Amino acid sequence: MPWENNNTIEFISLFIALQSLSAQIYLETKQLTCIKQDRILFEDLNVQFRRGDIIQVAGPNGAGKTSLLRILAGLAQPYEGTIEFDQNNINEQLELYRQNLLYLGHLPGVKSELTAQENLEFQLSLHGYGNSDAEALLADVGLLAFEQSLAGQLSAGQNRRIALAQLWQSNAKVWILDEPFTAIDAKGVEAIEQKILEHANNGGCVILTTHQELNLPSNRVSRLELDYRF
Amino acid sequence: MPWENNNTIEFISLFIALQSLSAQIYLETKQLTCIKQDRILFEDLNVQFRRGDIIQVAGPNGAGKTSLLRILAGLAQPYEGTIEFDQNNINEQLELYRQNLLYLGHLPGVKSELTAQENLEFQLSLHGYGNSDAEALLADVGLLAFEQSLAGQLSAGQNRRIALAQLWQSNAKVWILDEPFTAIDAKGVEAIEQKILEHANNGGCVILTTHQELNLPSNRVSRLELDYRF
Amino acid sequence: MEQGNVLSYFNLFKLVLSRDLKIALRHRDDVLNPLLFFIIIITLFPLGIGPEPQTLAKIAPGIIWVSALLATLLSLDRMFKSDYQDGALEQLLLSPYPSFIWVLAKVIAHWILTGIPLIITAPVLAGMLNLPTESFLATFWTLLLGTPVLSFIGAIGAALTVGLKKGGVLLSLIILPLYIPVLIFATSAIDAASYGLPYGGQLAIIGALLVGALTLTPFAITSALKVSTN
Amino acid sequence: MEQGNVLSYFNLFKLVLSRDLKIALRHRDDVLNPLLFFIIIITLFPLGIGPEPQTLAKIAPGIIWVSALLATLLSLDRMFKSDYQDGALEQLLLSPYPSFIWVLAKVIAHWILTGIPLIITAPVLAGMLNLPTESFLATFWTLLLGTPVLSFIGAIGAALTVGLKKGGVLLSLIILPLYIPVLIFATSAIDAASYGLPYGGQLAIIGALLVGALTLTPFAITSALKVSTN
Amino acid sequence: MWKWLHPYANPETTYHLSDRVIPWFGWLSGSLLTIGLVWALLFAPADYQQGDSFRIFYLHVPAASLSMGIYLGMAIAALCGMVWQLKLSDAAVAALAPVGAVFTAIALFTGAAWGKPMWGTWWVWDARLTSELVLLFLYLGVIAINNAFEDKQMAGKAASIIALVGVINLPIIKYSVEWWNTLHQGATVSKLGKPAMSLEMFWPFVVCFLGFAFFVATVTCIRFKTEILLRNSSRPWVKNLMLEQAK
Ligand code: HEM
Ligand SMILES: Nc1ncnc2c1ncn2[C@@H]1O[C@H](COP(=O)(O)OP(=O)(O)OP(=O)(O)O)[C@@H](O)[C@H]1O
Ligand SMILES: Nc1ncnc2c1ncn2[C@@H]1O[C@H](COP(=O)(O)OP(=O)(O)OP(=O)(O)O)[C@@H](O)[C@H]1O
Ligand SMILES: [Mg+2]
Ligand SMILES: [Mg+2]
């Protein structure tokens, strides 16, 4: 099955390549295998993620989407196989890879004891950005009056918005987003979708999971279907 | 604003009442006010939840949906106002109310050390059901081969499915579901929506929040809009 | 549509007790670790104080009881916290039975898992600390009557701090002062025994504390839980 | 599209250190609690052992150090756990800087919050336990050199157990044996001082342990973190 | 080094290798232990001071030495695992820890039993005894952390880290009798140059010691096999093996 996906992606990437004439490969998996509890989630996965790609990793609950994304981000080690960033194994150039990566997982990583602004400023600095415009970014994600509220006193969706504000700043080549729309209201979802599209248009590459339908031009989104395997 | 919502609901309920001829009021809020961090989330809310109703509590992030649902379930106390179940204050008949209530919150309440089946059996017994058909219920929610897997080793969506399996058993009058579709794949969402409709048709009342569009006959769903108030 | 209380109170008690024991036994370490902790603390003292048998014998009752106290204390955290974090506590609170029944079951499960192992090993450790054999029996009795009191009183603190991120030290702070009476009477009983004096009086007081704890604390624990989950 | 390391290593260190201190100070209790715990344990002993000044003086060094050890132990849990639970640890691990820098910052923040308060209060408590004034200075020095060792070694255990639900007791089990050398040398230094003997030798050994811990543990901690977040 | 190790990094090869050596180790340890223990307990001379209680020596010293030796082996395996990312070393660590814990317990128990007639008490808080007790805790810590993780791979790595950190305890046990003034016997056996014990006592000791050593090897290999299977259960070769054995 992974082969089929692979082909689909190759095909669509080709399509994009024709458009942009230089579809550079950012990230590439080689023979990636992930085993959990003796169950093979995916096996010998060879996929290329290119400049300008938006890839939606899809599949039913428990298919292994989160597992794949964490491996791609270098947070978990695959059972077998390697991941290459700009043609080199990520484990051999971790720092360079991380400079070019933005990963937002299931959990927003927001500290409840800090204010929205302090949280965002810390996350920006941590990834090597200046933190001067945190306030403007918070306004972008609809937290205009909440810069000084402690994150612990904001709702589930507001907490996620703090973390998502990084999208408005980050120019990392690769974005990996695990269910970015969780707990976000309809208007918020739309804004994030636009941001994703914009990033891809500016030469980024976005890998995301979501169980909702993406509201983006269908020729821009490729799907990587992970089946549930027994 | 709450008044307007209230009116909408009254209107739609009236509509349903005409259909079913006996739109019995299950749950009713009286002058409900909730204040968090000196901000009024909602004020003097008077709503009636009737037999056969499906009410989607809607609103942007941080509007107070979770707060309202927890108050309705009797898990949190309102700043002011009361909630009546079958014309009596719920605080005066807690046990009776709980027999007639199924609440599923943000968190599934599934123990990672127990197997899927043990978890479901416990939750069923706890709410006063026999637990004989846990296996069949797990099959209903697509966990056929996972009865004996430890919940800690299942994915986010699979864990939520264990808790949601209770919907297939519960005949409690009132269902309160806080974002039941979180982490559930498209097929799963559809099954749950059907279950909700079925419950309402069988004389239940369902109160839920979700940021996704509900895929149900629009004359069956009433929306309770919570605005974001400053 | 009503569902009726299928479970008798006693069955509910058994259900929750066996669930908690099962969860702990799945983890296996949970049973051994408080015990090992007890043993390790006791071995720390001779290391810190020096190996003279007379000194050790003199302070042995104090060391054994302080260690028992600390071992209990460290294991208190798990009584409600994990249930709170995964939402299971909400479900327990919403079950249509009086809360003190399952609260009782949880506290007794905690005692079985931490108190009983301490009682069984204490004589061996007393021997290593050169406590005269006459006071072994007193050690056993004080622990048998005293450790359940520790579990019950501790549960109040555990319930109060369950919603706090970092309850650990706050919990100790609330609970340790309440443990002092048990500590004083227990050590004085063992002391008396080592001089061959009768120690029935002290035991009677500890017994009275136990009866008091058994009857009064479940309600305190229940309301503490309600407060901290509000 | 590259972003470049805007932060120098030293600035990253300061950033993480000040964040951790800020979070702890917001909680306020976090700073006071380990200290209060230390004080309470120390006062338990006179209660358990009896108030004779000679006995107390004899066992005072042991009691002070065992209490310091336990106070540190109980506060270890918070070093990485809350960051793990809200996803902040993932973000730290993905920052494009060598991990040992922020690991070092977090451990030192822990020491500032738990070690330093102990060092400051210890002389007072030593006085309460009738320790001769000659050994106050020795108490101070052993704590000054010894408590950072406790923080560093403890961090390994905290990192290893960060992903486990009930790491608390397991953590103690792993870490306490490793604390024993510090305990032995520190108490023997205080003992020597109370007889007016020189104790430079013992201090030198503790100093050596400190240097060893400072240089070696950050790598053990980092790899432990990577293992347990895998 | 790596070239030589490489074939054994393959779980299947190693599995079959340990399968083959088990009977050899088993027989060796069985016969050596029989000879050694009969010789030691029935024929070797009694000690002129201690009488027959001295015979605990033949159990105590091998158990104590092996408890340390096993820890060292476990730490080396852990180090290899960390450096070369060998999945097999995790299995080795997991296989060795309980064996080591049992031998530590035996050393403590026999020592205590010996202490009662010799020192008049079965436990003193002496440096060697205490550090041996700490060794037991370290083993238990390794075992506990191995069990605490659901994921075998993570468990192995976590246990390796603790095993490595605990190595500092070994020199403390070994040299405790020299660094501190203790009740416990100083080096007796190891001072071969000027024999501190008669040769009639020494030779049965050597036979016993080797017997116990091979016993450890046998048990470890058996446990090692199981651990390999547990860690590779989704591999085709394991499935084939299971099918064969089912027949
Ligand atoms: C619980 C109590 C005891 C413990 C934990 C203990 C532990 C040890 C340890 C760790 C060794 C080192 C083995 C080696 O270096 O390879 C050892 C050796 C030895 N023990 Fe014990 N021991 C205990 C009691 C005793 C007693 C009561 C005696 C006899 C009086 C004794 C006699 C010896 C002898 C003769 C050796 C061999 C020393 C050498 O050649 O290095 N032990 N013991
Ligand atoms: N623990 C808390 N302490 C104080 N204030 C809180 C707390 N939780 C939420 N609030 C406040 O209550 C408001 C409503 O929160 P609530 O969780 O009910 O929102 P919600 O509508 O469920 O949002 P979402 O769609 O993001 O889940 C938030 O805006 C926040 O200001
Ligand atoms: N901690 C774990 N330990 C062992 N196995 C796990 C663990 N987490 C997940 N798994 C297994 O890995 C499979 C994939 O999990 P993963 O979280 O990657 O799924 P997912 O595709 O993200 O699902 P969802 O849509 O529900 O988030 C699960 O079916 C489960 O069997
Ligand atoms: Mg997922
Ligand atoms: Mg909500």
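Above this note sits the structure.
The rules we used
All residue numbers refer to position in the chain's written sequence, counted from 1. The naming scheme follows written order: chains are lettered A onward, ligands numbered 1 onward. Thresholds applied to this predicted model are a pLDDT of at least 70 for local features of residues and 80 or more for the giving and counting of side-chain atom pairs; totals over whole chains, interfaces and linings are not thresholded and use all residues. Note that water and hydrogens are dropped before the side-chain values are worked out from all heavy atoms of the structure. Per the convention used, a helix needs a DSSP run of H or I reaching at least four residues, while a strand needs a run of E reaching at least two, with both numbered from the N terminus. It is over C-alpha atoms that the radius of gyration is taken, and the globule rule equals 2.2 Å times the number of residues to the power 0.38. Relative accessibility under 20% of the residue-type maximum defines a buried residue, over 50% an exposed one, and the middle range a partly exposed one, all with a 1.4 Å probe and only protein chains included. Every residue pair with non-hydrogen atoms within 4.5 Å of one another is taken to be in contact. Method for areas: the Shrake-Rupley scheme with a 1.4 Å probe, in which residue coverage is limited to the protein chains shown. Residues counted as positive are Lys and Arg, residues counted as negative are Asp and Glu, and His and the chain ends are not counted. Note that the charge is assigned to NZ on lysines, CZ on arginines, CG on aspartates and CD on glutamates. Each reported salt bridge corresponds to a side-chain nitrogen of Lys or Arg within 4 Å of a carboxyl oxygen of Asp or Glu. When the centres of two rings from Phe, Tyr and Trp lie within 6.5 Å, Trp using its six-membered ring, the rings pair. Their planes under 30 degrees apart give stacked, over 60 give edge-to-face, and anything left gives tilted. The quantity reported as buried area is the accessible area (1.4 Å probe) lost by two parts once they are put together, taken as the sum for both. Pairs of strands are assigned from DSSP output, requiring at least two bridges between the strands. All axes are obtained by fitting lines to C-alpha atoms, using only the stretch in contact for helices, and the reported angles, taken between N-to-C directions, cover 0 to 180 degrees. Think of a polar contact as two N or O atoms within 3.5 Å of one another; within protein, one of them needs to be a possible hydrogen donor and the other a possible acceptor, and neighboring residues in sequence only count if both atoms come from side chains. Any residue outside Ala, Val, Leu, Ile, Met, Phe, Trp, Tyr, Cys, Pro, Asp, Glu, Lys and Arg is labelled polar, Gly included; the first ten of those are nonpolar and the last four are charged. Sites may look incomplete because water is not among the atoms; the donors themselves are N, O and S atoms within 2.8 Å of the metal, or within 3.2 Å for Na, K and Ca. Note on definitions. A residue lies near a molecule or strand when any single heavy atom of the residue is within 4 Å of it. What a helix is expected to span follows from its residue count: subtract one and scale by 1.5 Å. Here the bend at each residue means the angle between axes fitted to two seven-residue stretches, the one ending at that residue and the one beginning there. Superposition of the copies was done by least squares, using only C-alpha atoms of residues whose pLDDT is at least 70 in both. Note that patches include only residues with greater than 30% relative accessible area and no salt bridge, and the join distances are 9 Å for like charges and 5 Å for nonpolar side chains (Val, Leu, Ile, Met, Phe, Trp, Tyr). Side-chain atoms within 4.5 Å are what join buried Ala, Val, Leu, Ile, Met, Phe, Trp, Tyr and Cys residues into a set we call a nonpolar core.

Across its full length, chain C carries 9 helices and 0 strands. Along its sequence from the N terminus, chain C presents helices and strands in the succession α-α-α-α-α-α-α-α-α. Taken over the C-alpha trace, chain C has a radius of gyration of 19 Å; the compact-globule value for 230 residues is 17 Å, and the two agree within 12%. By its C-alpha atoms, chain C is 70 × 35 × 30 Å across when sized along the principal axes. Scored against the burial criterion, the 230 residues of chain C give a buried share of 63%. The contacts of chain C with a sequence gap of at least 6 include a subset with a gap of at least 24, amounting to 82%. Summing over all exposed atoms, chain C offers an accessible surface of approximately 7,600 Å²; the carbon and sulfur share of this is 72%. Of the charged side chains in chain C, 12 are positive and 11 negative; the average position of the first set lies 6 Å away from that of the second.

Another point: the pattern of salt bridges. Under the defined criterion, the tally for this structure stands at 32 salt bridges over all chains. A salt bridge links D83 of chain C to K111 of chain B; its shortest N-O distance comes to 2.5 Å. With one member in each of two chains, D83 of chain C in helix 4 (residues 81-85) and K111 of chain B in the loop between strand 7 (101-104) and helix 4 (116-126) form a pair that bridges those chains. Across the pair D83 of chain D and R19 of chain D runs a salt bridge, and its minimum N-O distance is 3.1 Å. Linking D83 of chain D in helix 4 (residues 81-85) with R19 of chain D in helix 1 (residues 9-27), this pair joins segments that are 64 residues apart in sequence. Across this residue pair, the class does not change: D83 of chain D and R19 of chain D are buried.

Here we take up the packing of aromatic side chains. The description of two aromatic rings rests on the distance between their centres and on the angle between their planes. Considering all chains together, one arrives at 20 aromatic pairs over all chains under this definition. With 5.2 Å between their ring centres and 50 degrees between their planes, F85 of chain B and Y97 of chain B make a pair best called tilted. Note that F85 of chain B is positioned in strand 5 (residues 80-85) and Y97 of chain B in helix 3 (residues 94-99), a separation of 12 residues in sequence. Measuring from centroid to centroid gives 6.5 Å for F103 of chain E and F215 of chain E, while their planes differ by 50 degrees, and the two rings are tilted. In this pair, F103 of chain E sits in helix 4 (residues 87-119) while F215 of chain E sits in helix 8 (residues 199-231), placing the two residues 112 residues apart along the sequence. You can call F103 of chain E buried: its relative accessible area is 4%. Among the aromatic residues, those joined into a ring-pair cluster are F57, Y58, W114, F202, W203, F205 and F209 of chain E.

Let us now look at the interface of chain A and chain D. Of the residues lining the interface, 38 residues belong to chain A; the matching set on chain D comes to 34 residues. Contact with chain D buries surface across chain A, with R98, K111 and L126 of chain A losing the most and accounting together for 20% of the total. Across the contact surface, chain A and chain D share 5 salt bridges. Residues E90 of chain D and R70 of chain A are paired through a salt bridge, measuring 2.3 Å at the closest nitrogen-oxygen approach.

Residues and elements named next belong to chain B. A sheet is described by the order of its strands in space; here 5 strands give the open sequence 7-8-9-4-10, paired in parallel fashion. Either end of the sheet is taken by a strand with one partner, and the two such strands are strand 7 and strand 10 (221-225). Within the sheet, the average angular offset between the axes of one strand and its neighbour, ignoring direction, is 15 degrees. As paired strands, strand 8 (residues 174-178) and strand 9 (residues 205-209) are joined by 5 bridges and run parallel to one another.

Moving on to the interface of chain A and chain B. If you look at the interface, chain A gives 24 residues, while chain B gives 24 residues. Summing both partners gives a buried area of about 1,800 Å² for chain A against chain B, and 50% of it is carried by carbon and sulfur. On the chain A side of the contact with chain B, Q37, N61 and D185 of chain A bury the most area, a combined 30% of that side's loss. The interface formed by chain A and chain B contains 0 salt bridges. Along the contact surface separating chain A from chain B lie 10 residue pairs in polar contact (both at pLDDT 80 or more). Considering every element that reaches the side of chain A that touches chain B, the biggest residue donor is helix 6 (residues 156-164) of chain A, with 4 residues. Residue classes in the side of chain A that touches chain B are distributed as 8 nonpolar, 12 polar and 4 charged.

All names here are of chain B. Protein ligation of the magnesium ion (ligand 5) involves T66 (OG1) and H106 (NE2), the donor distances falling in the range 2.0 to 2.8 Å. Here T66 is found in helix 2 (residues 65-72), whereas its partner H106 is found in the loop between strand 7 and helix 4, with 40 residues between them in sequence. According to the relative accessible area criterion, H106 is partly exposed, its value standing at 32%.

We now examine the site of ligand 2. As a structural note, the neighbourhood of ligand 2 is formed by 20 residues, with S155 and G157 of chain A together with K65, T66 and S67 of chain B the closest of them. With respect to ligand 2, the chains having nearby residues are chains A and B. The side chain of N61 of chain B places a nitrogen or oxygen atom 3.0 Å from an oxygen atom of ligand 2. Take A63 of chain B: an N or O atom from its main chain is 3.3 Å from an oxygen atom of ligand 2. Protein burial of ligand 2: of its 630 Å² of free accessible surface, 85% is covered by the chains. Of all the elements in the fold, those that place two or more residues in the shell around ligand 2 are helix 6 of chain A together with strand 2 (39-45) and helix 2 of chain B. Across the shell around ligand 2, the residue classes break down as 4 nonpolar, 12 polar and 4 charged.

A few words now on helix 6 (residues 99-128) of chain C. Residues and elements named next belong to chain C. The end-to-end C-alpha separation of helix 6 is 43 Å, in line with the 44 Å expected for 30 residues at 1.5 Å each. Along helix 6, the sharpest kink reaches roughly 40 degrees, centred on A122 and followed within four residues by the proline P123. Most of helix 6 is tucked away, with 22 of its 30 residues classed as buried. Positioned one or two residues after helix 6, N130 has a phi angle of 65 degrees, which is positive.

Moving on, we come to the relation of the copies chain A and chain B. Mapping chain A onto chain B is achieved by rotating through 180 degrees and translating by 0.0 Å along the same axis, at an RMSD of 0.1 Å. The operation mapping one copy onto its partner corresponds to a two-fold rotation axis. Considering only C-alpha atoms, the residue of chain A closest to the rotation axis is T182 of chain A, which sits at 3.4 Å. With an isologous cut-off of 70% or more, the 100% of interface residues of chain A that recur at the interface of chain B puts this contact in the isologous class.

Let us look at a nonpolar patch on the surface. All names here are of chain E. Nonpolar side chains collect at one region of the surface, where I35, V38, W39, L41, L42, F43, L199 and W203 lie side by side and expose about 840 Å² of accessible area between them. Listed by contribution, the elements that provide at least two residues to the nonpolar patch are helix 2 (11-43) and helix 8. Relative to the elements of secondary structure, F43 occurs in helix 2.

Bringing the nonpolar core into the picture now. Membership of the largest hydrophobic core comes to 299 residues, with the highest contact counts inside it found for L27, I176 and I207 of chain A, L27, I176 and I207 of chain B together with F80 of chain C. It is helix 8 (residues 167-194) of chain D that provides the largest number of residues to this core, a total of 18 residues. Contacts of I207 of chain A, omitting those with residues within four sequence positions, involve L27, F49, I55, V57, L69, L72, V174, W175, I176 and L177 of chain A.

What follows deals with the sheet that holds strand 9 (residues 205-209) of chain A. Residues and elements named next belong to chain A. Spatial strand order, 7-8-9-4-10: 5 strands in an open sheet with parallel pairing. Here the strands that pair on one side only, and so sit at the sheet edges, are strand 7 (101-104) and strand 10 (221-225). Adjacent strand axes in the sheet meet at a mean angle of 15 degrees when their direction is disregarded. Bridge count between strand 7 and strand 8 (residues 174-178): 4 bridges; the pairing is parallel. Bridge pairing in strand 8 places L104 opposite L177.

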